[in-house]
Amino acid sequence: MRILIIGTGGTIASARTEKGYKAKLTIEEILKLAGIEGNGVEIETKNVLNLDSTLIQPEDWVTIGEAVFESLGNYDGIVITHGTDTLAYTSSALSFMLKNVPIPVVLTGSMLPITEPNSDAPRNLKTALTFAMKGFPGIYVAFMDKIMLGTRVSKVHSLGLNAFQSINYPDIAYVKGEEVVVRHRPELPEGEPSFDPRIDPNVVHIRLTPGLSPGTFLAVAETVDGIVLEGYGAGGIPYRGRNLLEAVSKVAREKPVVMTTQALYGGVDLTRYEVGRRALEAGVIPAGDMTKEATLVKLMYALGHTKKLDEVREIMGKNVAGEINSNF
């Protein structure tokens, strides 16, 4: 069995400097410090990037995706080490770009650098490697013994070790030592593997707050190809006092405005309240039960394939990589 570990940097690759932690260690150095050995498994390594994940850009998703796609036929599983801050965006992007992956591709990282005592890096690496050897096709995230679908994870804690959760979707599996306890098997498309890196990163995420100016919204809308509007609860747009609904309606006639929610769980249901139904009538596209990260990246993916509003709407409502319940 052959496993490839791709390094992209992040906390797991960090060491102390005069200006704070900085990603600087290679995958080979990380594995040595973590005490990871093959134990009968052939492990190969590839250093693609070495960045704090705050610095990750959409173009880097393409670089990582290319490295994965080029390696699919040569390995039984792939592990990607990545910083935690943007890991959920990267796992979503890879899930949309890489179609019909025939092997496990598992992203992981750590909240404490491998160079620090009691780092969670060895634990998360072992979890990722153990699952990568089990042959479940797809894009996953491994953290704190959990395996989660790549399009369903969000970082929910800035410092705690159990930093990631699967949102509106069950965990795929738990790893106990060398044992993988499967809890859910995702229904993913089948077919020949392909790599489709077409994305349009000219998308903005705006959080709805009391007092948000329609003028500000319109000014921002002029500069982008699409907008993710993070609303309250089940979704809706205010029209009293400041008529943001009118501004959104004007923009939504020309470019996609997708509504997600500030609530972590539950998703968007624009049919539930009057304010939500008005948003639907204005042309807002509901994100359903997608995570904020998957919603943003999927809109980039959709706009990378078409600028036609009806086609973008169709893509956003279709389950591409397990990111949405189409019946929501």
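Not measured: the values here are computed from a predicted model. As a convention, each chain's residues are numbered from 1 in the sequence order in which they are written. Residues qualify for local features only when their pLDDT is at least 70, as the model is predicted, and side-chain atom pairs are given and counted only at 80 or more; totals for whole chains, interfaces and linings, by contrast, use all residues. Derived side-chain values reflect all non-hydrogen atoms in the structure, with water molecules and hydrogen atoms excluded from consideration.

Caption draft 1: Highlighting the pairing of strand E5 (residues 77-81). For the exposure calls, accessible area comes from a 1.4 Å probe over protein chains only, and a residue counts as buried if that area is under 20% of its type's maximum, exposed if over 50%, partly exposed in between. Numbered from the N terminus, helices here are DSSP runs of H or I no shorter than four residues, and strands are runs of E no shorter than two. The element E5 is largely enclosed, with a buried count of five among its five residues. Alternating residues of E5 divide into Gly-77, Val-79 and Thr-81 and Ile-78 and Ile-80, and every residue in both groups is buried. Here, a strand pair is defined by DSSP locating no fewer than two bridges between the strands. Alignment of strand E1 (residues 2-9) against E5, held across five bridges, turns out to be parallel. Along E5, the bridge assignment pairs Ile-5 with Val-79. Across four bridges, the pairing between E5 and strand E7 (residues 104-108) is parallel. Residue pairing for E7: Thr-81 is matched across the bridge by Thr-108.

Caption draft 2: Structural view of the packing of helix H3 (residues 87-97) against helix H8 (residues 292-305). Simply put, an axis is a line fit to the C-alpha atoms, just over the touching stretch for a helix, and the angle between two N-to-C directions goes from 0 to 180 degrees. Viewed as axis vectors pointing N to C, H3 and H8 meet at an angle of 40°, and their least axial separation amounts to 9 Å. Taken as axis vectors, H3 and H8 run oblique relative to one another. Relative to H8, the crossing made by H3 is right-handed. Contacts from Ala-88, Tyr-89, Ser-92, Ala-93 and Phe-96 in H3 reach Glu-293, Ala-294, Leu-296, Val-297, Lys-298 and Tyr-301 in H8. With respect to orientation, any angle under 35 degrees is reported as roughly parallel, any angle over 145 as roughly antiparallel, any angle of 65 to 115 as roughly perpendicular, and every other angle as oblique. Crossing handedness is read from the near helix: turned anticlockwise from the far helix by less than a right angle, it gives a left-handed crossing, and turned clockwise, a right-handed one. We call two residues in contact when some of their heavy atoms are within 4.5 Å.

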